[in-house]
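Given next are the chains, with one letter for each unit.
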Amino acid sequence: MSRTDRADRVIGAPPAAVYRALLERESLEVWLPPDGMRGTIERWDPRPGGGFRMVLTYLAPSGSPGKTSDATDVVDVEFADLVPAQRVVQRAVFEADDPSYAGTMTMTWHLEEVADGTRVTVTAADVPPGIDRAAHEAGIASSLAHLAAHVERTG
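Just so you know, the residues in each chain are numbered from 1, in the order the chain's sequence is written. For this predicted model, a pLDDT threshold of at least 70 governs which residues receive local features, and a threshold of 80 or more governs which side-chain atom pairs are given and counted, while totals over whole chains, interfaces and linings are taken from all residues. Side-chain figures throughout are based on the complete set of non-hydrogen atoms in the structure, without hydrogens or water.

**Examining the layout of surface pockets**
We apply this condition: Whether a set of points on the 1 Å grid over the protein atoms alone is a cavity depends on a 1.4 Å probe fitting there but being unable to get out, while an open set qualifies as a pocket with protein on both sides within 12 Å along at least five of seven lines; lining residues are those with an atom within 4 Å of a point. Grid points are joined across faces, edges and corners, and a volume is the space filled by probe spheres set on the points. Secondary structure is summarised from DSSP: a helix means a run of H or I of at least four residues, a strand means a run of E of at least two, and numbering begins at the N terminus for each. Three categories are distinguished: nonpolar for Ala, Val, Leu, Ile, Met, Phe, Trp, Tyr, Cys and Pro, charged for Asp, Glu, Lys and Arg, and polar for the others, with Gly belonging to the last.
Computed from the structure, the largest pocket encloses a volume of approximately 650 Å³. In this structure, the largest pocket is lined by 29 residues; those nearest its centre are Pro34, Leu56, Lys67, Phe94 and His136. The set of elements that each furnish at least two residues to the lining of the largest pocket consists of strand E3 (51-58), strand E4 (72-83), strand E5 (87-95), strand E6 (105-114) and helix H3 (133-154). Among the elements that line the lining of the largest pocket, the one with the most residues is H3, at six residues. Taken together, the residues of the lining of the largest pocket break down into 20 nonpolar, five polar and four charged.

Now the structure itself:
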């Protein structure tokens, strides 16, 4: 059975600025890793059909939390759809030996202009069962908070 996790946040910036942060390599490395992690992009091709490979490293790993190794999550992401200032659709596959992390998760970042800026709604469909729902939704919310801080600071 497929699972869908969601989070949203209003960011005090126009949709074009938020969209730009979703497609700039250096920006993604700054804001995408949730609290307690840092990210490095190893491959970058920002176009439909292109994508990126990100290594997420736990800053203080305890109990071997990583999907790929004790301290890392490695994810290959394809850009499935890019609609400027409106939507980014990503297909993400984790590098993991544990079959509970297998499969392709689709992340849709929907941008909607609102009075205070941009409402960003993230929908993660087909979430692998090995990913804890509460931790995943907290991670998405954390990434959204980092995105807001980054975009609101840099414009």
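There's more to say after this.
**A closer look at the pairing of E6**
On any regular strand, side chains alternate: one points to one face of the sheet, the next to the other face. Heads up, the condition is: Each pair of strands is called paired provided DSSP finds at least two bridges between the two strands.
Pairing analysis gives six bridges linking E5 to E6, with the strands arranged antiparallel. When the sheet's bridge partners are listed, Arg87 is paired in E6 with His110. Examined bridge by bridge, E6 and strand E7 (residues 117-125) share nine bridges and lie antiparallel to one another. Bridged to Leu111 within E7 is Val120. The turn linking E6 back onto E7 is made up of two residues.

**Structural notes on the packing of aromatic side chains**
Ring pairs (aromatic) are described by centroid distance and by the angle formed between their planes. The criterion, for reference: Centre distance within 6.5 Å is the pairing criterion for rings of Phe, Tyr and Trp, where only the six-membered ring of Trp is used; planes under 30 degrees apart are then read as stacked, over 60 as edge-to-face, and the remainder as tilted. We call a residue buried when its accessible area falls under 20% of the maximum for its residue type, exposed when it is over 50%, and partly exposed in between, using a 1.4 Å probe and counting protein chains only. In this scheme, Lys NZ or Arg CZ marks a charge over a ring once it lies within 6 Å of the ring centre and within 35 degrees of the ring normal.
The tally for this structure, following the rule as stated, stands at four aromatic pairs. Measuring from ring centre to ring centre gives 5.5 Å for Trp31 and Trp109, while their planes differ by 75°; the resulting arrangement is edge-to-face. On the criterion of sequence distance, the pair formed by Trp31 in helix H2 (residues 25-31) and Trp109 in strand E6 is long-range, its members being 78 residues apart. Looking at Trp31, the relative accessible area reads 0%, which means it is buried. Consider the rings of Trp44 and Phe79, whose centres lie 6.0 Å apart with planes at 90°: the pair is edge-to-face. Taken together, the positions of Trp44 in strand E2 (residues 37-45) and Phe79 in strand E4 put the pair 35 residues apart, joining distant regions of the chain. Looking at Phe79, the relative accessible area reads 0%, which means it is buried. The ring of Phe94 is capped by Lys67, whose NZ or CZ atom sits 5.0 Å from the centre of that ring.

Purely spatial values, then, with no claim about function.
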